[in-house]
Amino acid sequence: MLVLGIETSCDETGVALFDRDRGLLGDVLHSQVDLHADYGGVVPELASRDHIRKIIPLVRQLLAECDTKLTDLDGVAYTAGPGLIGALMVGAGFGQSLAWSLGIPAIGIHHMEGHLLAPLMDPAIEVPLPFVALLVSGGHTQLIKVSAIGDYQLLGESLDDAAGEAFDKAAKMLGLGFPGGPLLARCAETGDPRRFHFPRPMTDRPGLDFSFSGLKTFTLNTIRQQLPPGCDPDQTSLSIQDQADIARAFEEAVVDTMVIKCRRALEATGVTHLVMAGGVSANSRLRERLAARLDATVVYPPAKYCTDNGAMIAHVGALRLHAGERSALGVAVRARWPLTDLRVPGQQHG
């Protein structure tokens with residue numbers, strides 16, 4: 001079964017070909033980082049328009065690189081949510097139209113399920129069920145118990161900001177630019193870990209939920225304390241070392257918090273494998289701490305498949321289409337969509 005995967009949930013247009021027997025055949029990704037950089041964040045209308053411009057040329061490029069024709073496809077998978085509603089509609093509309101024109105099934109995929117199962121695209125990686133998944137991205141921070149493909153139990157989540165969003169906001173406060181997560185991590189490499197100590201939110205109480213809003217406030221207050229009295233933090237720059245030291249303290253706090261919560265989740269469920277996925281899972285300090293401090297096997301995808309991509313959507317699409325699932329003709333997307341309820345409006349079982 002050869003499946004074309006389409007990812008357009010936010011600011012990356014990704015397309016890929018995945019075959020259940022041969023694995024990932026190819027993927028192409030266009031990032032909109034430069035388009036949104038001047039605004040310090042993603043502008044939904046610009047994102048949608050850029051997806052429209054790029055999606056057909058990218059599919060043509062992918063097919064050419066894989067020496068494949070449209071008529072070779074057995075199915076089309078597209079991200080149906082969660083995400084920016086306009087961006088989602090571009091991918092869903094294109095995916096449904098293409099599948100209809102070829103007379104093949106289409107399937108709407110949950111964006112976070114794509115991330116969740118991304119490490120399993122590699123046939124050499126085997127993760128016994130059940131396992132715990134840490135999903136960390138710009139829009140989500142969740143701990144999930146995975147009992148089977150499609151059987152997901154929410155153990156804990158962020159009560160306010162996601163970890164990725166907190167990274168981006170902290171980077172913006174420090175004047176590091178956009179996208180903030182990778183820039184803050186790079187800045188933190190030269191920071192002194194002993195100069196500042198940031199709180200590890202919600203680790204002094206039981207439970208598996210997260211909260212990063214207060215950590216952003218603590219970061220802003222720390223920045224202000226380093227500036228001369230009466231200075232506007234928006235108009236006055238920190239020294240390079242101040243930036244690095246604060247970035248390091250922020251990153252250490254987020255990483256330690258997630259390590260503590262993951263340890264609790266593994267102990268509560270009694271499982272021995274942790275799958276980490278989502279954009280923040282590319283953070284090298286987080287990977288190192290989880291591997292060093294958890295009595296468990298930690299699995300994550302290659303860095304290029306941590307961020308949004310079409311390969312993860314094609315992979316899950318192949319699994320679900322093979323199981324006989326498909327989406328009815330029409331553009332049904334969900335801007336908000338809990339991972340514990342994978343029903344798409346119009347979903348059918350063959």
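Data block above holds the structure.
Quick look at the structure, then.

Definitions and limits used
Residues numbered from 1 in each chain as written. Predicted model: local features only at pLDDT ≥ 70, side-chain atom pairs only at ≥ 80, totals over all residues. Heavy atoms only, no water. Helix = DSSP H or I, 4+ residues; strand = E, 2+ residues; numbered from the N terminus. Buried < 20%, exposed > 50% of the residue type's maximum accessible area, 1.4 Å probe, protein only. Contact = heavy atoms within 4.5 Å. Polar contact = N/O pair within 3.5 Å; in protein donor to acceptor, adjacent residues only side chain to side chain. Pairing = 2+ DSSP bridges. Salt bridge = Lys/Arg side-chain N within 4 Å of Asp/Glu carboxyl O. Axes fitted to C-alpha atoms, helices over the stretch in contact; angles between N-to-C directions. Phe/Tyr/Trp six-rings, centres within 6.5 Å; stacked < 30°, edge-to-face > 60°.

1. What to know about the side chain of His111
Here's step 1: Secondary-structure assignment places His111 in helix α4 (residues 111-117).
Here's step 2: Overall, His111 belongs to the buried group, its relative accessible area being 6%.
Here's step 3: Ignoring anything within four residues of it in the chain, the contact list for His111 reads Glu7, Ser9, Thr79, Gly81, Pro82, Asp308 and Met312.

2. What to know about the environment of Arg53
Here's step 1: You can see Arg53 is positioned in helix α2 (residues 44-65).
Here's step 2: Along the sequence, Arg53 and Thr13 sit 40 residues apart, while their C-alpha atoms lie 9.9 Å from each other.
Here's step 3: At 3.1 Å, the side chain of Arg53 forms a polar contact with the side chain of Asp50.

3. A word on the pairing of strand β4 (residues 75-81)
Working note: regular strand, side chains alternate between the two faces of the sheet.
Here's step 1: The element β4 is largely enclosed, with a buried count of 7 among its 7 residues.
Here's step 2: Relative to β4, strand β1 (residues 2-7) runs parallel, the two being bridged by 4 bridges. Directly across from Val3, in β4, lies its bridge partner Gly75.
Here's step 3: Strand direction decides the pairing type here: β4 and strand β5 (residues 106-110), joined by 5 bridges, are parallel. For Ala77, the partnering residue across the bridge sits in β5 and is Ile107.

4. Points about the pattern of salt bridges
When the charged atoms of two side chains lie near each other, side chains of opposite charge can form a pair.
Here's step 1: Summed over all chains, the structure comprises 20 salt bridges.
Here's step 2: With its nearest N and O atoms 2.9 Å apart, the salt bridge here joins Glu325 to Arg320. Arg320 matches Glu325 in its accessibility class, with the two residues each being buried.
Here's step 3: Through salt bridges with shared partners, a single network forms among Arg200, Arg248, Glu252, Asp256, Arg289 and Arg293.

5. Considering the sheet that holds strand β2 (residues 12-19)
Here's step 1: If you trace the 5 strands from one edge of the open sheet to the other, you get β3-β2-β1-β4-β5, paired in mixed fashion. Two strands bound the open sheet, and with one partner strand each, they are β3 (23-31) and β5. Each strand of the sheet is rotated relative to its neighbour by a mean of 20°, with strand direction disregarded.
Here's step 2: Summarising the sheet, β1 and β2 pair through 6 bridges and their orientation is antiparallel. Of the residues in β2, the one forming a bridge with Leu2 is Asp19.
Here's step 3: Sheet contacts for α2: β1, β2 and β3; angle to β2, the most-contacted strand, approximately 30°.

6. Brief notes about the sheet that holds strand β8 (residues 151-157)
Two orientations exist for strands paired in a sheet by backbone hydrogen bonds: parallel and antiparallel.
Here's step 1: Ordered in space as β8-β7-β6-β9-β10, the 5 strands form an open sheet in which the pairing is mixed. Single-partner strands in this sheet number two, and they are β8 and β10 (297-299). Each strand of the sheet is rotated relative to its neighbour by a mean of 25°, with strand direction disregarded.
Here's step 2: Sheet analysis places strand β7 (residues 141-148) next to β8, joined by 6 bridges and oriented antiparallel. Paired with Leu143 across the bridge in β8 is Gly156.

7. Focus: the packing of aromatic side chains
Here's step 1: Taken as a whole, this structure holds 3 aromatic pairs when the rule is applied.
Here's step 2: Judged by centre distance (4.9 Å) and plane angle (65°), the ring pair of Phe198 and Phe218 falls under edge-to-face. Here Phe198 is found in the loop between α6 (180-188) and α7 (213-225), whereas its partner Phe218 is found in helix α7, with 20 residues between them in sequence.
Here's step 3: With relative accessibility at 1%, the residue Phe198 sits in the buried group.
Here's step 4: Looking at Phe218, the relative accessible area reads 33%, which means it is partly exposed.
Here's step 5: Ring centres of Phe210 and Phe212 lie 6.0 Å apart, and the angle between their planes is 20°; on these two criteria the pair is classed as stacked. You'll find Phe210 and Phe212 in the same group, each marked buried.

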